[in-house]
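Coordinate inspection notes
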Amino acid sequence: MARSGPPLRLFQNWQAKLAATPMILTALVVFIGCSLWTVVYSFTNSRLLPRLDFVGLSQYERLWSTPRWQVSIENLAIYGICALVLTLAIGFLLAVLLDQKIRFEDGFRTIILFPYALSFIVTGVVWQWILNPDFGLQHIVRSMGFSGFTFDPLNDPNLVILALLAAGIWQGAGLTTVIMLAGLRGIDEDVWKAARVDGIATWKTYIFIILPMMKPVFATCIVLISAGIIKLYDLVVALTRGGPGIASEVPAKYVYDYMFGNQNLGQGFAASTMMLAAVLAIIIPFALFRLGRKRHV
Amino acid sequence: MSDAAFPARAATPARTAAPRGRLLDGPAGVAPTRRMNPKRIMVYGGLIVFSLYYLLPLWVMVMTSLKGMPEIRMGNIFAPPMEITFEPWVKAWSQACTGLNCDGLSRGFFNSVAITVPATILSIAVAAVNGYALVNWRFKGSEVFFTILIFGAFIPYQVMIYPIVIILREMGLMGSVWGLVLVHVVFGMPIITLLFRNYFSSLPPELFKAARVDGAGFWGIFLRVLVPMSLPIFTVAVILQVTGIWNDFLFGVIYTRPDSYPMTVQLNNIVNSVQGVREYNVNMAATLLTGLVPLTIYFLSGKLFVRGIAAGAVKG
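The rules behind each value
Per-chain numbering applies: the sequence of each chain, read as written, is numbered from 1 onward. The order in which chains are written sets their letters, starting at A; the order in which ligands are written sets their numbers, starting at 1. With the structure being a predicted model, the display of local features is reserved for residues of pLDDT at least 70 and the display and counting of side-chain atom pairs for 80 or more, all residues being used for whole-chain, interface and lining totals. To obtain the side-chain values, all non-hydrogen atoms of the structure were included, while hydrogens and water were left out. To qualify as a helix, a DSSP run of H or I must reach at least 4 residues; to qualify as a strand, a run of E must reach at least 2; elements of each kind are numbered from the N terminus. Only protein chains enter the calculation, and the probe is 1.4 Å; a residue is then buried if its accessible area is under 20% of its type maximum, exposed if over 50%, and partly exposed in between. Residue contacts follow a heavy-atom distance rule, with two residues in contact if any of their heavy atoms lie within 4.5 Å. All accessible areas in this document rest on Shrake-Rupley with a 1.4 Å probe, and a residue is counted as covered only by the protein chains that are shown. Throughout, buried area stands for the accessible area (probe radius 1.4 Å) lost by two parts on being put together, summed over both. In what follows, salt bridge is the name for a side-chain nitrogen of Lys or Arg lying within 4 Å of a carboxyl oxygen of Asp or Glu. Polar contacts, as counted here, are pairs of nitrogen or oxygen atoms within 3.5 Å of one another; within protein the pair requires one atom able to donate a hydrogen and one able to accept it, and residues that are adjacent in sequence qualify only if both atoms are side-chain atoms. Axes, fitted as lines to C-alpha atoms, cover a helix only where it is in contact. Angles between the N-to-C directions of the axes lie from 0 to 180 degrees. To sort the angles, those under 35 degrees are grouped as roughly parallel, those over 145 as roughly antiparallel, those from 65 to 115 as roughly perpendicular, and the leftovers as oblique. Whether a crossing is left-handed or right-handed is set by the direction in which the near helix is turned from the far one by less than a right angle, anticlockwise for left-handed and clockwise for right-handed. When residues are grouped by polarity, Ala, Val, Leu, Ile, Met, Phe, Trp, Tyr, Cys and Pro land in nonpolar, Asp, Glu, Lys and Arg in charged, and all others, Gly among them, in polar. What makes a patch is a set of residues exposed beyond 30% relative accessible area and free of salt bridges, joined within 9 Å when like-charged and within 5 Å when nonpolar (Val, Leu, Ile, Met, Phe, Trp, Tyr). Two aromatic rings, drawn from Phe, Tyr or Trp (for Trp, its six-membered ring), form a pair once their centres lie within 6.5 Å of each other, and the interplanar angle then sorts them: stacked below 30 degrees, edge-to-face above 60, tilted otherwise. Here, over-ring charges are defined by two tests on the NZ atom of lysine or the CZ atom of arginine: distance to the ring centre within 6 Å, and angle to the ring normal within 35 degrees.

A word on the overall build of chain A
The helix and strand tally for chain A stands at 14 helices and 0 strands. The helix and strand sequence of chain A, counted from the amino end, reads α-α-α-α-α-α-α-α-α-α-α-α-α-α. Classification of the 297 residues of chain A by burial places 55% in the buried group. Here the contacts in chain A between residues at least 6 apart in sequence split such that 65% fall between residues at least 24 apart. A total of about 13,100 Å² of accessible surface is found on chain A, and carbon and sulfur atoms cover 67% of it.

Digging into the overall build of chain B
Looking only at helices and strands, chain B features 15 helices and 0 strands. The proportion of buried residues among the 316 residues of chain B is 56%. Of the contacts made within chain B by residues no fewer than 6 positions apart, 71% connect residues no fewer than 24 positions apart. For chain B, the accessible surface area stands at approximately 13,400 Å², while carbon and sulfur atoms represent 68% of it.

Some points on the interface of chain A and chain B
Contacts between the two partners involve 106 residues from chain A and, on the opposite side, 108 residues from chain B. Carbon and sulfur atoms supply 75% of the area buried between chain A and chain B, which totals about 9,900 Å² over both sides. Across the chain A-chain B interface, the total number found is 0 salt bridges. The interface formed by chain A and chain B holds 18 residue pairs in polar contact (both at pLDDT 80 or more) in total.

Concerning unusual backbone geometry
Residues and elements named next belong to chain A. In this structure, Pro244 follows Gly243 across a cis peptide bond, with omega equal to -5°. Of note, Pro244 is situated in the loop between α12 (234–239) and α13 (251–261). The phi torsion at Phe104 lies on the positive side, around 55°, for a residue other than glycine. Mapped onto the elements, Phe104 comes out in the loop between α4 (67–98) and α5 (105–113). Judged by its relative accessible area of 62%, Phe104 falls in the exposed class. Of note, Arg241 is a non-glycine position whose phi angle comes to about 50°, a positive value. Within the secondary structure, Arg241 sits in the loop between α12 and α13.

Observations regarding the packing of α13 of chain A against helix α7 (residues 157–171) of chain B
Packing of α13 of chain A against α7 of chain B leaves a shortest axis separation of 10 Å and a crossing angle of 20°. In terms of their interaxial angle, α13 of chain A and α7 of chain B are classed as roughly parallel. Taken as a pair, α13 of chain A and α7 of chain B cross one another with a handedness that is right-handed. Across the interface between the two elements, Ala252, Val255, Met259 and Phe260 of chain A of α13 of chain A pack against Gln158, Ile161, Tyr162 and Val165 of chain B of α7 of chain B. Across the contact of α13 of chain A with α7 of chain B, the residue classes break down as 7 nonpolar, 1 polar and no charged.

Side note on a nonpolar patch on the surface
Together, Leu25, Leu28, Val29, Ile32 and Leu36 of chain A together with Ile167, Met171 and Leu182 of chain B give the surface a local cluster of nonpolar side chains, amounting to about 640 Å² of exposed area. Breaking the nonpolar patch down by element, the ones donating at least two residues are α2 (21–41) of chain A together with α7 of chain B. Element by element, the count of residues in the nonpolar patch is highest for α2 of chain A, at 5 residues.

Section: the packing of helix α5 (residues 106–136) of chain B against helix α11 (residues 231–247) of chain B
All names here are of chain B. Here α5 crosses α11 at 140°, and the two axes come no closer than 9 Å. In terms of orientation, α5 and α11 fall into the oblique class. α11 is crossed by α5, and the crossing has right-handed handedness. Here α5 contributes Phe109, Ser112, Val113, Ile115, Thr116, Ala119, Thr120, Ser123, Ile124 and Ala128 to the contact with α11, which in turn contributes Phe234, Ala237, Val238, Gln241, Val242, Ile245 and Trp246. Broken down by class, the residue content of the contact of α5 with α11 amounts to 12 nonpolar, 5 polar and no charged.

Concerning the side chain of Ser46 of chain A
All names here are of chain A. Here Ser46 lies in the loop between α2 and α3 (58–65). Accessibility expressed as a relative area gives 0% for Ser46, which makes it buried. Reaching out from Ser46, the side chain makes a polar contact with the side chain of Thr44 at a distance of 2.7 Å. Apart from the residues within four sequence positions on either side, Ser46 is in contact with Tyr41, Arg51, Gln59, Asn264, Leu265 and Gly266.

Thoughts on the environment of Ala210 of chain B
Looking at the secondary structure, you find Ala210 of chain B in helix α9 (residues 205–213). Using a relative accessible area of 40% as the deciding quantity, one classes Ala210 of chain B as partly exposed.

Considerations on the packing of aromatic side chains
Enumeration over the complete set of coordinates arrives at 45 aromatic pairs over all chains. Consider the rings of Tyr157 of chain B and Phe187 of chain B, whose centres lie 4.9 Å apart with planes at 70°: the pair is edge-to-face. Of the two residues, Tyr157 of chain B sits in helix α7 while Phe187 of chain B sits in helix α8 (residues 177–202), which places them 30 residues apart along the sequence. Through successive ring pairs, a cluster of aromatic residues spans Tyr132, Trp137, Phe196, Tyr199, Phe200, Phe208, Phe218, Trp219, Phe222 and Phe234 of chain B. When the ring centre of Tyr157 of chain B is taken as origin, the NZ or CZ atom of Lys231 of chain A, which lies over that ring, is 4.4 Å away.

Regarding the pattern of salt bridges
All names here are of chain A. Following the criterion strictly, the structure yields 12 salt bridges over all chains and no others. Of the charged contacts, one joins Arg68 and Asp257 as a salt bridge, the two residues approaching to 2.8 Å between their closest N and O atoms. Linking Arg68 in helix α4 with Asp257 in helix α13, this pair joins segments that are 189 residues apart in sequence. Here Arg68 and Asp257 have matching classes, each one buried. Between Glu249 and Lys253 there is a salt bridge, with the nearest N and O atoms lying 3.3 Å from each other. Salt bridges sharing partners connect three or more residues here, namely Asp99, Glu105, Asp106, Arg109 and Arg185.

A short note on the side chain of Thr264 of chain B
As for its placement among the helices and strands, Thr264 of chain B is situated in helix α13 (residues 263–271). The buried category is assigned to Thr264 of chain B, whose relative accessible area is 0%. Apart from the residues within four sequence positions on either side, Thr264 of chain B is in contact with Ser119 and Ile121 of chain A together with Trp246, Asn247, Asp248, Phe249 and Thr290 of chain B.

Laid out in structure tokens, this is it:
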């Protein structure tokens, strides 16, 4: 039986190995090979073409002394923390609301999740239009009589992150809601019965009993949201193009612009290696945590 | 397709399997009461406020795309059009300019179709066979490769995009639709393989053993026994891949040339082009056209879409 026991020779079970070749190639050549390639070349002074001319850490020194990279990191940190907290909060709140045995649950869930089906480019373009200072929100509020009202995040370096947050959460919070709702539905009915018998208020039950029980669900959401935040690119391109000035630049855009726009590959490689390091810093503790609890993927 | 078509997925971890099933079936408690009390009002009030936040952009898109430019300049983006015009849609589809091409989004639409269809079919075919081999024909190291594959899903694409440019150039596929198809097959592999692996391992092993006893081989069992009973999971995979590939921007902009740009890239170029008068109604019509395919799939597939992303969510 193929299921039992390891094969003795290389050619045993050869059809399965042949069928798994695309997976093996993807894992080894793309995921490991290409990542290592980029890491190695981040220590070179490649510009227009990749060259193996090692210059130590000088790409990284330049990277961290470039104002645009510093702004990108700062933006990612601010956006990341806000998006994570808000998405988790909104996701949990909406999941709790949807879990109240309401009418039209399917309808509400459909509405909350539909932006997730859209591309970030579509999302960015729509929010660019809604936040347009001459026609959008600011214009509407002003024409209602508040003529001094100013809300122009797309042209205000201090507020532009708000525009990214509004659009990003619009697109992504539905996913968190659905996962959390699934988590809430997975909680044993007996927990609720016990809480009811003890006369604990519903909201208290949610916060002090259900919330701690949802830790694994939160962990999954945090990993998913974080992975999305680090990759944040399309939305910025479509909504702000990094502007005004460099106020809404993000690391992924820095990488793309240096690799394909500025013909400065070394900088692009160094920046992308930093992104990889950031992801590993999130994934490895999570993976150890999961592996430590139970072995399954 | 009815929910009864889905067998319970025993192999998924119990913690996640139960909620997924419950989510699809809806709440199991007593039927909602008609009585309205302050608590119910708060619940519905909260949901309605959030629904407005989610629906308003869609409303604004549709309304703007049906107005003429003079009305947009005068009016309110939330107001319905006084005079409905479909001209922006026609213009977005067949006349809007990106760079030198002025044949509208139709070009991007057909490029996206030419990319999405083969990429979806290929990536699902490859991943389904992978999942099958991982469950029924394990070999030494197969789980190791699978683990690398799953962790690879979290590597930022930016780390891998440039070496892939070199690989595609060496293969003579750089700039072509097929190069992009290959990239989508590679990056779609982790999640779709996981989907099929979990599904196949939930099927009773006796099925596989019986087919073996009957003398069926690797491909025979896959094609004649497993594939016919896996239609629901294939549907979920198609939904996941079509929306994912259609919505891609990064790979499209890197691995194709302007004449084979997918729709998202073209949309961005139309809307964010610096020169020319900005025609917001055409932009919104173009945006809706680009979102139409994934939105249609979303609204038609309903619970299957939820199931697909729920499966994707467990990948951590």
